[in-house]
Amino acid sequence: MKFGFDIDDTLINLREHAFTIYNKKLNKNVSSEVFHTLKRVEIHEPFGLSDEAGSQMWKSSLEEIYYTDCPPFPNAVETLQELERKGHEIYYITARPKEHGERTRKWMKEQGFPVRDDRFFYGMQDHEKVQIIKELKLDYYFDDKAEVLDTLTHDSLKVFVRDQSYNRHLQYPRILNWTDLHAILKKESE
């Protein structure tokens, strides 16, 4: 089977990692409980930043956010390794900017994710992600963003949302922990 995965906030805990970085850079101590109640993808509001200042903060911090010690979600690496061992095809489709694509692929490999160069897509807008996902004829796709998932509803593709505080309104099957995928696949095969 063909499995497609978004990276940021689906396989790796990028926004919470960035939230920690913002606390350090801004010399603040905004609690992680605040992070876990955010209703938007953007994380700047609890720090008192406007949308414009938040956007600038994000862009100026990308290097540190992307390539320091951002953790994968629990069991994400092991789950994808097991999928690969069972012979499934794994594709990564990320909207990370083109200038970060090659380093991101290398970083993902260093974290232990099973990455094949010809199955790693980056540097696109959400609507372009949707097009690639459709062209790949995936069986399963996992993402955190409504803007992507809401445009992927067709019969052959099964979509799942990686649980985040800003996507709880979505009515898709939900991944809370990557170990849940084993039970989902078992149920699907019955």
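Residues numbered from 1 in each chain as written. Predicted model: local features only at pLDDT ≥ 70, side-chain atom pairs only at ≥ 80, totals over all residues. Heavy atoms only, no water.

Caption draft 1: Highlighting the packing of helix 3 (residues 51-67) against helix 5 (residues 101-111). Relative orientation of the contacting elements helix 3 and helix 5 amounts to 25°, with a least axis distance of 10 Å. Between helix 3 and helix 5, the crossing angle belongs to the class labelled roughly parallel. On helix 5, the residues touching Glu 63, Tyr 66 and Tyr 67 of helix 3 are Arg 103, Thr 104 and Trp 107. The class makeup of the residues in the contact of helix 3 with helix 5 is three nonpolar, one polar and two charged. (Axes fitted to C-alpha atoms, helices over the stretch in contact; angles between N-to-C directions. Helix = DSSP H or I, 4+ residues; strand = E, 2+ residues; numbered from the N terminus. Parallel < 35°, antiparallel > 145°, perpendicular 65-115°, else oblique. Contact = heavy atoms within 4.5 Å. Nonpolar A, V, L, I, M, F, W, Y, C, P; charged D, E, K, R; others polar.)

Caption draft 2: Molecular detail of the pattern of salt bridges. According to the stated counting rule, one finds 18 salt bridges in the structure shown. Note that Lys 86 and Glu 82 form a salt bridge whose closest N and O atoms lie 3.1 Å from each other. Classification of Lys 86 as exposed rests on a relative accessible area of 58%. Looking at Glu 82, the relative accessible area reads 23%, which means it is partly exposed. When the shortest N-O distance is used, the salt bridge between Lys 109 and Asp 117 registers 2.7 Å. For Asp 117, a relative accessible area of 44% corresponds to the partly exposed category. (Salt bridge = Lys/Arg side-chain N within 4 Å of Asp/Glu carboxyl O. Buried < 20%, exposed > 50% of the residue type's maximum accessible area, 1.4 Å probe, protein only.)

Caption draft 3: Representation of the packing of aromatic side chains within the structure. According to the stated counting rule, one finds 14 aromatic pairs in the structure shown. Where Phe 19 meets Phe 47, the ring centres are 4.8 Å apart and the plane angle is 55°; that geometry is what we call tilted. Of the two residues, Phe 19 sits in helix 1 (residues 14-25) while Phe 47 sits in the loop between helix 2 (32-35) and helix 3, which places them 28 residues apart along the sequence. Comparing Phe 19 with Phe 47, the two get one shared label, buried. Relative to Trp 178, the ring of Phe 142 has its centre 5.4 Å away and its plane inclined at 65°; by these criteria the two rings are edge-to-face. Highlighted residues: Phe 142 in strand 4 (residues 140-143) and Trp 178 in the loop between strand 6 (174-175) and helix 8 (180-189), separated in sequence by 36 residues. With respect to burial, Phe 142 and Trp 178 carry one shared label: buried. Members of the aromatic cluster, joined through ring pairs, are Phe 3, Phe 5, Tyr 140, Phe 142, Phe 160 and Trp 178. In this structure, Arg 103 is placed above the aromatic ring of Tyr 67, and the distance from its NZ or CZ to the ring centre is 3.7 Å. Arg 162 extends its terminal NZ or CZ atom over the ring of Phe 73, reaching a point 3.8 Å from the ring centre. (Phe/Tyr/Trp six-rings, centres within 6.5 Å; stacked < 30°, edge-to-face > 60°. Lys NZ or Arg CZ within 6 Å of the ring centre and 35° of its normal.)

Caption draft 4: Geometry of the nonpolar core. Ranked by internal contacts, the top residues of the largest apolar core, which has 41 residues, are Phe 5, Leu 11, Tyr 92, Met 108, Phe 113, Phe 142 and Trp 178. Looking at this core, the elements that each hand over two or more residues are strand 1 (2-5), helix 1, helix 3, helix 4 (76-85), strand 2 (89-93), helix 5, strand 4 and helix 8. Discounting residues that sit within four places of it in the chain, Tyr 92 has contacts with Phe 5, Ile 7, Leu 11, Leu 80, Met 108, Phe 113, Pro 114, Val 115, Arg 119, Phe 120 and Phe 121. By size, the runner-up hydrophobic cluster in this structure holds 18 residues, among which are Ile 93, Ile 133, Leu 136 and Ala 146. (Core = buried A, V, L, I, M, F, W, Y, C linked by side-chain atoms within 4.5 Å.)

Caption draft 5: Here's a closer look at helix 5. By the burial criterion, the buried members of helix 5 are Gly 101, Thr 104, Arg 105, Trp 107 and Met 108. Summarising the axial view, the buried residues of helix 5 lie within an arc of 165°, below the 170-degree limit, and thus occupy one face. Exposed side chains of helix 5 directed beyond 90 degrees from the buried face belong to Lys 106 and Glu 110. Those residues of helix 5 that are buried lie in contact with helix 3, strand 2 and strand 3 (120-121). Once helix 5 finishes, Gly 112 follows within two positions and takes phi at roughly 105°, a positive value. (Arc of directions from axis to C-beta.)

Caption draft 6: Representation of the pairing of strand 1 within the structure. Direction of pairing for strand 1 relative to strand 2: parallel, over a ladder of four bridges. Its bridge partner lying in strand 2, Phe 3 is registered against Ile 90. The pairing of strand 1 with strand 4 spans three bridges and is classified as parallel. Following the sheet pairing, Gly 4 is matched in strand 4 by Tyr 141. (Pairing = 2+ DSSP bridges.)

Geometric descriptors of this kind do not, in isolation, establish any biological role.
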